[in-house]
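Letter by letter, the chains look like this.
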Amino acid sequence: MRTDGTMLVVTIRGVTFPLRGSGALLGPGDRAAGVDVSVRNVGHGVYDSSSESDVSLRDSLGDVAEPSFAAHGPCATSEIDFLKLVQPGESRSGCVAFDVPRGTRPATVRFAPDGRATLGRTWLVKG
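Below or above, wherever it landed, is the structure these notes cover. (Residues numbered from 1 in each chain as written. Predicted model: local features only at pLDDT ≥ 70, side-chain atom pairs only at ≥ 80, totals over all residues. Heavy atoms only, no water.)

Turning next to the state of the cysteines. Tallying each qualifying case throughout the model produces one disulfide. Two residues, Cys 75 and Cys 95, share a disulfide whose sulfurs are 2.1 Å apart. The disulfide joining Cys 75 to Cys 95 has a torsion of about -90° about its S-S bond and is therefore left-handed. In this pair, Cys 75 sits in the loop between strand E4 (66-67) and strand E5 (91-100) while Cys 95 sits in strand E5, placing the two residues 20 residues apart along the sequence. (Disulfide = S-S within 2.5 Å. Helix = DSSP H or I, 4+ residues; strand = E, 2+ residues; numbered from the N terminus.)

Across the sheet, which stays open at both edges, the four strands sit in the order E1-E2-E5-E4 with antiparallel pairing between neighbours. Each edge of the sheet is formed by a strand with only one pairing partner; in this case those strands are strand E1 (8-16) and E4. Pairing analysis gives ten bridges linking strand E2 (residues 31-41) to E5, with the strands arranged antiparallel. Counterpart to Asp 36 in the pairing with E5 is Cys 95. (Pairing = 2+ DSSP bridges.)

This brings us to the layout of surface pockets. Within this model, the largest pocket holds a volume of roughly 210 Å³. What lines the largest pocket is a set of 14 residues, among which Ser 51, Thr 77, Ser 78, Asp 81 and Cys 95 lie closest to the centre. Elements that contribute at least two residues to the lining of the largest pocket include exactly helix H1 (51-54) and E5. Among the elements that line the lining of the largest pocket, the one with the most residues is E5, at five residues. Split by residue class, the lining of the largest pocket holds six nonpolar, six polar and two charged. (1 Å grid on protein atoms, 1.4 Å probe; cavity = no way out; pocket = protein on both sides within 12 Å on 5 of 7 lines; lining within 4 Å. Points joined across faces, edges and corners; volume = space filled by probe spheres on them. Nonpolar A, V, L, I, M, F, W, Y, C, P; charged D, E, K, R; others polar.)

This is the structure we're talking about:
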């Protein structure tokens, strides 16, 4: 997908739901979900963004789930965002945790480069 300054190959490698043992900060009765993302910069410019602005999750009611801080586990929130300063030819991967409201399930994942919805792509969550 094209961005303002480069070109990316984005792969949603999977959605883990419920995401157990993450220590995610959640609302009462809510469950965590983890979105595993891989990004390869195949363009000529540096890609510098944030996973919280670029990756989003909608639940089965169509509402946008809130990103959540995950303290540990395979979807632990890192101190330095994996989408920060991705150089040309470089691949990065990471996981973004979300707070999924009680009674709903993950339905779609969207990657919007630089947080710009018009440049984004949406994937259906299987399962």
